[in-house]
Amino acid sequence: MSAPNLFDKVWDAHAVRTLAGGQTQLLIGLHLIHEVTSPQAFAMLRERDLKVAYPERTVATVDHIIPTDNQLRPLRDSLAEEMMEAIETNCRDFGVQLLSPENGDQGIVHVVGPERGLTQPGMTIVCGDSHTSTHGAFGTIALGIGTSQVAHVLATGTMALAKPKVRKVSVDGELGPGVTAKDVALAIINHLGVQGGVGYAYEYAGDVFRNMSMEERMTVCNMSIEGGARCGYVCPDETTVEYLRGRDAVPTGEAFEKAAEWWLSLASPEDARYDDEVHLLASEIEPTVTWGINPGQSIGVGGNLPDPAELPEGERFAVQEALTYMGLEGGQKLEGTPIDVAFIGSCTNGRLSDLREAAAVVKAAGGRVPDRVRALVVPGSQRVRAAAEAEGLHTIFSEAGFDWRQAGCSMCLAMNPDKLQGRELCASSSNRNFKGRQGSPTGRTLLMSPAMVAAAALAGEVRDVRSVGAAAVA
């Protein structure tokens, strides 16, 4: 008889009851909110004269609309200022903690939660943002939800959910030079497809994940949603415990040691049951770049683009559509393709380790960003920005011609002034390459790791980071 996996354990611990329709009413341990999906939810509470059921389990920040060049109030964009004022008012009126720019606490919602220790193993976590799956790196069930669900969680502290199946995704062996967590995430999505995870939660396991830092695990879990999965997670281990030790919201002393003991007990045992298992080899993963209009359309940086004429008939249309939109041709090399913009940041790759990774490439490569290329480095939080500046990373970037910015989502969803213009082609460390994703209806996005973005920015074209130098890709 097989044993329950981590997902089963956490789900069962938070199950309030089974509803008539078969869904589970699940208690939510942490509700993260931001300025875009919360105004309507608070309006629903006001209409019904309801309070926030658990304000102590609710934390707010601002990230999507906040500018990254100048955050002085009032914001220049009147709509952005209106949304800022709304979340400030709502948090004050309903007793919710707001991580504000004025206090140095602000940042992307999926960066500030972990860095403050709000995200802890065994939790159920929700947020009105699809990339809430990031928090699964800690051994949580972390789910993106819609605005009406945001209102429901605010009012009740629970939500109704159908339990997904669980797929174990193992990546074993050792990653080669220049291969990062972002490349692992893109490789998994390429292998399983952008719809491959529908109906599943992914448990990431194997040598590669055991050896990853917490920030690397967050990158992969963040991208789970791009492969269609409801969420993704990594079982807690000593790496998890040491990352959390001493952070703001975690217990201290003996209480921390007891919590750590429980966190470690949540890990899926050797005989855990799964609905499906997939195995990949680390040695087969290269530095990876997307070439199309969904995150599954990717190749190793040295590879050739697919030729529609050589594909099965059922696959030709989607590939040709993507190539046409991107202005590329089947069979050509992607390496050497000129870029117009380089963006390092987002909830996928805006953490301190990401900035260190990119700065190492900049330092090793030397030179400057060509005048025709716009290059932005946007820290994921004010704390990340301060830590990076304490290490002198901002100087490395600035002296090489990168624009060192304030914290925010920036050129990801582009709900702020950081947008592509016209047909610009962007080397991006973000998570989505859909048509129009970066603010221009005709803009084009190539997803890659921060190291690869740094290399592309300096070369003015897609470049294999392994060509920069051994010190930068070790």
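The rules we used
- Residues numbered from 1 in each chain as written.
- Predicted model: local features only at pLDDT ≥ 70, side-chain atom pairs only at ≥ 80, totals over all residues.
- Heavy atoms only, no water.
- UniProt positions renumbered as here; feature names shortened; annotations may be inferred.
- Salt bridge = Lys/Arg side-chain N within 4 Å of Asp/Glu carboxyl O.
- Helix = DSSP H or I, 4+ residues; strand = E, 2+ residues; numbered from the N terminus.
- Buried < 20%, exposed > 50% of the residue type's maximum accessible area, 1.4 Å probe, protein only.
- Domains from an automatic or database assignment.
- Contact = heavy atoms within 4.5 Å.
- Buried area = accessible area lost by both parts, 1.4 Å probe.

- As annotated in an unreviewed UniProt entry, the chain is 3-isopropylmalate dehydratase large subunit from Alienimonas chondri.
- Turning to the chain, the UniProt record has this under Function (unreviewed entry): "Catalyzes the isomerization between 2-isopropylmalate and 3-isopropylmalate, via the formation of 2-isopropylmaleate."
- As stated in UniProt under Pathway (unreviewed entry), the record for the chain gives "Amino-acid biosynthesis; L-leucine biosynthesis; L-leucine from 3-methyl-2-oxobutanoate: step 2/4."

Points about the pattern of salt bridges
Pairs can form between side chains of opposite charge whenever their charged atoms are close.
In step 1: Taken as a whole and assessed by the stated rule, the structure comprises 26 salt bridges.
In step 2: When the shortest N-O distance is used, the salt bridge between D8 and K163 registers 2.8 Å. Separated by 155 residues along the polypeptide, D8 in helix α1 (residues 6-14) and K163 in the loop between β8 (158-161) and β9 (165-172) bring together distant segments of the chain.
In step 3: Under the relative-accessibility criterion, D8 is labelled buried at 6%.
In step 4: For E242, the salt bridge identified is with R245, shortest N-O distance 2.9 Å.
In step 5: In this structure E242 comes out as partly exposed when scored by relative accessible area, which is 44%.
In step 6: Owing to a relative accessible area of 37%, R245 belongs among the partly exposed residues under this scheme.
In step 7: One connected set of salt bridges, linked through shared partners, spans R73, E81, E88 and E102.

Section: the domain arrangement of the chain
In step 1: When the domains of the chain are assigned, the result is domain 1 (6-161), domain 2 (165-237 + 261-284) and domain 3 (289-473).
In step 2: Placing a centre on the C-alpha atoms of domain 1 and another on those of domain 3 gives a separation of 29 Å.
In step 3: Each side of the interface is counted separately: domain 1 has 24 residues, and domain 3 has 23 residues.
In step 4: Between domain 1 and domain 3 the total buried area reaches about 2000 Å² when both faces are included, carbon and sulfur atoms providing 56% of it.

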